[in-house]
Amino acid sequence: MSGPKDEQAGGALAPGTPAPDFKLHSTPDQFVSLRDFRGAPVILAFYPADWSPVCGDQMALYNEILPEFRRFKAQLLGVSVDGVWCHAAFAKDRNLHFPLLADFEAKGAVARTYGVYRQQDGICERALFVIDSKGAITWSYVSPLGVNPGADGILAALEALTPEQEKKK
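Residues numbered from 1 in each chain as written. Predicted model: local features only at pLDDT ≥ 70, side-chain atom pairs only at ≥ 80, totals over all residues. Heavy atoms only, no water.

Along the backbone of the chain there are six helices and nine strands. Considering the chain as a whole, with its 169 residues, one finds that 50% of them fall into the buried category. Taking as baseline every contact in the chain between residues at least 6 positions apart, the subset at least 24 positions apart corresponds to 66%. Surface accessibility of the chain: about 8200 Å² in total, with carbon and sulfur atoms responsible for 53%. (Helix = DSSP H or I, 4+ residues; strand = E, 2+ residues; numbered from the N terminus. Buried < 20%, exposed > 50% of the residue type's maximum accessible area, 1.4 Å probe, protein only. Contact = heavy atoms within 4.5 Å. Areas by Shrake-Rupley, 256 points an atom, 1.4 Å probe, with all protein chains shown as cover.)

Core analysis: the largest hydrophobic core is formed by 27 residues, its most contacted members being Phe22, Leu44, Phe46, Tyr114, Val116 and Phe129. Elements with a contribution of two residues or more to this core: strand 3 (42–46), strand 4 (75–80), helix 4 (109–113), strand 7 (123–124), strand 8 (126–131) and strand 9 (137–143). Setting aside residues up to four positions removed in sequence, Val116 forms contacts with Ala12, Phe46, Ala111, Ile123, Cys124, Glu125, Ala127, Phe129 and Val142. By size, the runner-up hydrophobic cluster in this structure holds 25 residues, among which are Ala45, Cys55, Leu66 and Leu128. (Core = buried A, V, L, I, M, F, W, Y, C linked by side-chain atoms within 4.5 Å.)

With that settled, consider helix 3 (residues 84–94). If you check which residues of helix 3 are buried, you get Val84, His87, Phe90 and Ala91. Viewed along the axis of helix 3, the buried residues span an arc of 120°, placing them on a single side of the element. With respect to the buried face of helix 3, the exposed residues turned more than 90 degrees away are Trp85, Lys92 and Asp93. Buried residues along helix 3 sit against strand 1 (23–27), helix 1 (53–64), strand 4 and strand 5 (100–102). (Arc of directions from axis to C-beta.)

Time to look at the environment of Val32. With respect to the helices and strands, the residue Val32 is situated in strand 2 (residues 30–33). Judged by relative accessible area, which is 10%, Val32 ranks as buried. With ten residues separating them in the primary sequence, Val32 and Phe22 have C-alpha atoms 8.0 Å apart. Setting aside chain neighbours within four positions, we find Val32 in contact with Phe22, Lys23, Leu24, Ser26, Phe37, Leu77 and Leu101.

Below, the discussion takes up the environment of Thr138. Looking at where Thr138 falls in the secondary structure, it is placed in strand 9. In this structure, the C-alpha to C-alpha distance between Thr138 and Ala160, residues 22 residues apart in sequence, is 9.0 Å.

Have a look at this one:
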């Protein structure tokens, strides 16, 4: 299988770029930092809003295929500008089993560092990043807001992270 195509759009950070670290609320009293996951692949799934139909379907799909992500020892992190309480209600309603991170204050600060904040709308793009175990972006993709990007690109990018490729980095 050949590696995934680099499909970043607009200002999204491109493959080969070091992934900017961040620290965001995962619950009202807990934070998650990207560096917490160093040593394993990370999937960052930026999405516009918790309760929108496409976002709900996208996050439910990723929740369903978490075992596939875990097969690659990858951690999935959902990120939007919604607040931590909104995330908590959404995750409970959808029975999600991965962290949703609140890029709430300063609004969209992390999305901006990844080049996926929509200033005109005050939301994140629907953007995906696969980050290798050493903290470099290996694949990025920005989907139209109304389109669920699915998981094929993520899985192809994880598949491309062979042990040999990881050693070269």
